Amino acid sequence: MRAIKVDPRDDVAVAMEALPAGDLVTVGGVDVRLAEDIPAGHKFAVTPVTAGRPVLRYGFPIGTARADIAPGAHVHTHNVATALATAGAYRYAPVAAAPAAAPSARTFEGYLRADGSVGTRNEIWIIPSVGCVGRTAERLAARAGGDLPDGVDGVVAFPHPFGCSQLGDDLAGTTRVLAALACHPNAGGVLLLGLGCESNQLSGMLELIPPERRDRIRVVGAQASADEMAEGQAAIAELVALAARDRRSTVPLSALTLGVKCGGSDGLSGLTANPVIGRIADRVGEAGGRVLLTEIPEIFGAEQLLMDRCTSRETFDALVSLVNGFKDYFVRNGEPVSENPSPGNIRGGITTLEEKSLGAVQKGGHVPVTDVLPYAERVRRAGLTLLEAPGNDAVSTTALAAAGATMTLFSTGRGTPLGSPVPTVKIASNAALAAAKPGWIDFDAGAVLDDGLDVAADRLLDRIVAIASGARTRNEVNEERAIAIWKRGVTL
């Protein structure tokens, strides 16, 4: 298979390998003579497109032709422009959900917490309230992590540069996201480490933590302590002793809270990695589990597809408000709403934000949209939740974890070592990346092209069950664990 046309209505096909000018390529029973070299993952026209007309991929417009495009021509940024508008006019026209498949009987070995949530790990997390004690948190983790009892998976610090010199909603966002992380089911215990004079006071974080989680929380204020390192080590020892009593138990797939994310996408991401993640989302959703989708600017151009799956008018209205609010955020800062894809996306063959979005939303499969969450809020409902956060990989993976994702499936066509607080399963869109970066990649979705989505999804589900039960991902092996907070306000 040298090229793929995704939908019969499409004006373009995607090259599966580098194709030289002059080659005759058969796509959908039609022979197309290439007018120029087509890099792997890039598009070429299979039908003529006149200037000003929409260009279709996935059966939907990915932009407007800047000039006449003949069959065999390379279709990319030089001859296609975005058609995104600043404000969206959306319709409430819910589409009846397809009959659900029989729920999966798969199970995994997870940690059942007092609040009813289920973790995939049993770790001690050190969360600093402010950047000033971030390095102290790392020193504490290093000292505590060497000799742990069976069943305690590690001691991890999550430093960040914020928590002071912030105001209003910006400061509140930092407080909420850190408090949400402190409630995470993958944390068998949490040390909240403060300085003392910071804007983000430990007392404010504690107020946001439900009573049923507080027996696993310890607090140390460095300025008030005679020896913050000794006091911190003693607090961690208490938490380790508590966590060592925890045991994995068999739980249904519905106990999984799955984050879905893409980063460094290429022209194959929407054909392989994202659709196979979508199949996993469907299986988790059908079982009664929860799926979290974020990167709101990276659904622009495909948002109506998600709105059509909203299970209520209230959810639809909340999603419209979220999308338009994000567009307003761009406009207030003097930026176009279409300032995407990234340079790496473009080199990989993605031309416009519409094209990127149409590929990206496939990660949500066909799961009904049941909820819309503000940034730093925790997941509330089964089904697909849209979570407010930007496309930035570090910020959005942190937001997914704070919302309660106990594992994140992360598709990539270019590769990244990045990891979040939770197991971050890197899924390559192409076999070349998987072969080149085995130290980064957990699953090769390039096999979709040979074996089909169902077979690949079965294999990926096997891997997910193993990871949820304790098998380590590459980001964990590589100790790529970090958080990033969405900074939206002034700095004093």
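Please read these numbers as outputs of a predicted model, since none were measured by experiment.

> So what exactly am I meant to see when it comes to the state of the cysteines here?
Each disulfide is one covalent bond, formed between the sulfur atoms of two cysteines. Summed over the entire model, instances satisfying the criterion amount to zero disulfides. Sulfur of Cys132: no disulfide; nearest cysteine sulfur belongs to Cys164 and is 6.3 Å away. Judged by its relative accessible area of 56%, Cys132 is exposed. Considering cysteine sulfurs only, Cys164 is the nearest to Cys197, which forms no disulfide, with 6.2 Å between them.

> Help me understand the side chain of Asp7, please; the structure alone is not making it clear to me.
Following the sequence through the fold, Asp7 ends up in the loop between strand 1 (3-4) and strand 2 (12-15). In contact with Asp7, not counting residues within four places along its chain, are Tyr58 and Gly59.

> Would you take a moment to explain the pattern of salt bridges for this structure?
For side chains bearing opposite charge, pairing can occur when the charged atoms are close. If you walk through the whole model with that rule in mind, you get 29 salt bridges. One salt bridge in this structure joins Arg381 and Asp371, with 3.5 Å as the shortest N-O distance. With a gap of 10 residues between them, Arg381 in the loop between strand 19 (369-373) and strand 20 (383-387) and Asp371 in strand 19 connect regions that are remote in the sequence. On the basis of relative accessibility, which here comes to 36%, the residue Arg381 falls in the partly exposed class. When its relative accessible area of 4% is taken as the criterion, Asp371 is described as buried.

> Looking at this model, I keep getting lost on helix 10 (residues 393-403). Mind explaining?
It helps to recall that an α-helix has 3.6 residues per turn; residues three or four apart then point in one direction. Most of helix 10 sits out of view: nine of its 11 residues are buried. Restricting attention to buried positions, one finds in helix 10 the residues Val395, Ser396, Thr397, Thr398, Ala399, Leu400, Ala401, Ala402 and Ala403. Sitting at the amino-terminal end of helix 10 is Asn392, which places a side-chain oxygen 3.1 Å from the backbone nitrogen of Ala394. Of the residues one or two after helix 10, Gly404 is the one with positive phi, at around 120°.

Reading the values: rules and limits
- Residues numbered from 1 in each chain as written.
- Predicted model: local features only at pLDDT ≥ 70, side-chain atom pairs only at ≥ 80, totals over all residues.
- Heavy atoms only, no water.
- Disulfide = S-S within 2.5 Å.
- Buried < 20%, exposed > 50% of the residue type's maximum accessible area, 1.4 Å probe, protein only.
- Helix = DSSP H or I, 4+ residues; strand = E, 2+ residues; numbered from the N terminus.
- Contact = heavy atoms within 4.5 Å.
- Salt bridge = Lys/Arg side-chain N within 4 Å of Asp/Glu carboxyl O.
- Polar contact = N/O pair within 3.5 Å; in protein donor to acceptor, adjacent residues only side chain to side chain.

In short, the description is geometric, and any link to function would need to be established separately.
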